[in-house]
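Structure at a glance
For reference, the chains in residue letters:
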Amino acid sequence: MAAGPASPPDLPASLGAFSPAQGPGIEGPMTASAHPDHNWPDHDWPVLQPGWVWLCGAGPGDPGLLTLHGLNALRQAEVVVYDALVSEEILAWAPQARLIYAGKRGGKPSPQQRDISLSLIEQARAGRRVLRLKGGDPFVFGRGGEEAQTLVQHGIPFRIVPGITAGIGGLAYAGIPVTHRDVNQAVTFVTGHDATGAAPTSLDWGAIARGSQVIVIYMGIKHIAQIAGALLDAGRPGDEPVAVVANAATPEQRVLESTLARITADLEATPVPPPAVICVGRAALMRQALDWQALAAGAAPRNTDPLGRGRPAESA
Ligand code: SAH
């Protein structure tokens, strides 16, 4: 892809300077007055105190999409508990930390959510600086709410560091704006399967189809036939644009452009590797103009007016 992986910013390898003046304990100040590295932007950077857990989003893929708070956390963590969707490059930015894998990969048995939450508590109680790193944003279809609640229930102090979610940032890497004035005043994020792994039957697809011009589906590939069928049944047109963005914001990014009527057959003919987000709605057409990675690689825009406005984009 055009945007190569970002280089790690020039940060101190040693984190000694971060140690809170008052020593171990969880009562210390939330912030350090000055960052020890002159290369850091001037800001009151928080200290990851011993005994604390920071629940942090890593963004959808490209390490450059990690937030500065996320990077600040990585450089201080003694333990990083990470999910499958977190890139190895980001993990390499915490060379001092013990890395604990807590995700699903390649069909291997995955740790139970309860075990993950309890291991965070155990690490924190042992007085370690714990970073819980999840793909995208921890509070978007990521069970971050449950993990944080467990921390509260066990009296463990924590901080939430939001991340860029795949349904927004991943689509942006495919040149798809989740909102566009000429397309939608609402966007709905849905999960393609519920807690049991089945297609979410509890969702009112009719209401979603009527109420939201753009629908972004996470974890939707497995049940795409049912989801597309439900949207068509609810009156969405068969020729409505659909884009499937797989491995968004990584060098393996693949985009399948289709329509609601064709998407199931297209995915059967051209399977995409997980993870993938699906965008249903005319916003997906904007990729014909805004596929910035293709443009950066020298391609001409396929269409500079994909929504057929017939006038310059800057005009009212
Ligand atoms: N908390 C994450 C979502 C976790 S659920 C976030 O905010 O992004 C896992 C689902 O997220 C995947 O099934 C897929 O739908 C989506 N996803 C995560 N990373 C992705 C990526 N790089 N490309 C495409 N989809 C991704």
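Details of the structure are given in the entry above.
Procedures and definitions
- Residues numbered from 1 in each chain as written.
- Predicted model: local features only at pLDDT ≥ 70, side-chain atom pairs only at ≥ 80, totals over all residues.
- Helix = DSSP H or I, 4+ residues; strand = E, 2+ residues; numbered from the N terminus.
- Buried ≥ 20, exposed ≤ 12 C-beta atoms within 10 Å, placed from the backbone.
- Contact = placed C-beta atoms within 7 Å.
- Pairing = 2+ DSSP bridges.
- Axes fitted to C-alpha atoms, helices over the stretch in contact; angles between N-to-C directions.
- Near = placed C-beta within 6 Å.
- Nonpolar A, V, L, I, M, F, W, Y, C, P; charged D, E, K, R; others polar.
- Domains from an automatic or database assignment.
- Core = buried A, V, L, I, M, F, W, Y, C linked by C-beta atoms within 7 Å.
- Arc of directions from axis to C-beta.

So, on to the overall build of the protein. A count of helical and extended segments in the protein gives 10 helices and 10 strands. Per-residue burial for the protein yields a buried fraction of 40% across its 316 residues. Partitioning the intrachain contacts of the protein with sequence separation of at least 6 by distance along the chain shows that 71% fall at a separation of at least 24.

Spatially, the five strands line up as an open sheet ordered β6-β7-β10-β8-β9, and their pairing is mixed. Two strands lie at the open edges of the sheet, namely β6 (187-191) and β9 (254-259), each paired on one side alone. Between one strand axis and the next, the sheet turns through 20° on average, direction left out of account. Relative to strand β10 (residues 276-280), strand β7 (residues 214-218) runs antiparallel, the two sharing four bridges. Residue pairing across strands places Tyr-218 opposite Val-277, the latter belonging to β10. Running over the sheet, helix α5 (residues 166-173) touches β6, β7, β8 (241-246) and β10 and is turned about 85° from β10.

So, on to the site of the ligand. Residues in contact with the ligand amount to 24 residues; listed here are only the nearest, Gly-136, Gly-142, Thr-165, Ala-166 and Ala-248. Those elements that place two or more of their residues in the shell around the ligand are α5, β8 and β10. Tallied by class, the residues present in the shell around the ligand amount to 14 nonpolar, eight polar and two charged. Looking at which domains feed residues into the shell around the ligand, each of domain 1 (27-164) and domain 2 (167-296) gives three or more.

As a further point, take the nonpolar core. Burial of nonpolar side chains together is a common tendency in soluble globular proteins. With 77 residues, the main nonpolar core has Ala-77, Leu-131, Val-245, Val-277 and Cys-279 as its most contacted residues. Counting contributing residues, this core receives three or more from each of domain 1 (27-164) and domain 2 (167-296). Not counting the four nearest positions on each side in its chain, Leu-131 is found in contact with Trp-54, Cys-56, Ala-73, Leu-74, Ala-77, Val-79 and Val-80.

For helix α7 (residues 224-233), the set of buried residues is Ile-224, Ile-227, Ala-228, Ala-230 and Leu-231. What you see down the axis of α7 is that its buried residues fit within an arc of 160°, all on one side. Looking at the buried side of α7, the elements it contacts are α6 (205-211), β7, α8 (263-269) and β10. After α7 finishes, the residue Gly-235 shows a positive phi value of roughly 105°.

Read from one edge to the other, the open sheet built from five strands follows the order β3-β2-β4-β1-β5, with strand pairing classed as parallel. Each edge of the sheet is formed by a strand with only one pairing partner; in this case those strands are β3 (98-101) and β5 (158-161). Pairs of neighbouring strands in the sheet enclose a mean axial angle of 20°, with direction left out of account. Note that strand β1 (residues 53-57) and β5 share four bridges and pair parallel. Note that in β5 the partner of Cys-56 across the bridge is Val-161.

Right, let's talk about unusual backbone geometry for a bit. Only a minority of non-glycine residues have a phi that is not negative, and only a minority of peptide bonds are not trans. Omega for the peptide link from Pro-274 to Pro-275 comes to -5°, which places this bond in the cis form. Within the element layout of this structure, Pro-275 appears in the loop between α8 and β10. Even without a glycine there, the phi angle at Phe-141 is positive, about 45°. Among the secondary structure elements, Phe-141 is positioned in the loop between β4 (130-134) and α4 (144-153). Of the residues examined, Phe-141 has 17 C-beta atoms within 10 Å and is grouped as partly exposed. Residues other than glycine seldom take positive phi values, yet Met-219 does so here, at roughly 50°. Along the polypeptide, Met-219 turns up in the loop between β7 and α7.

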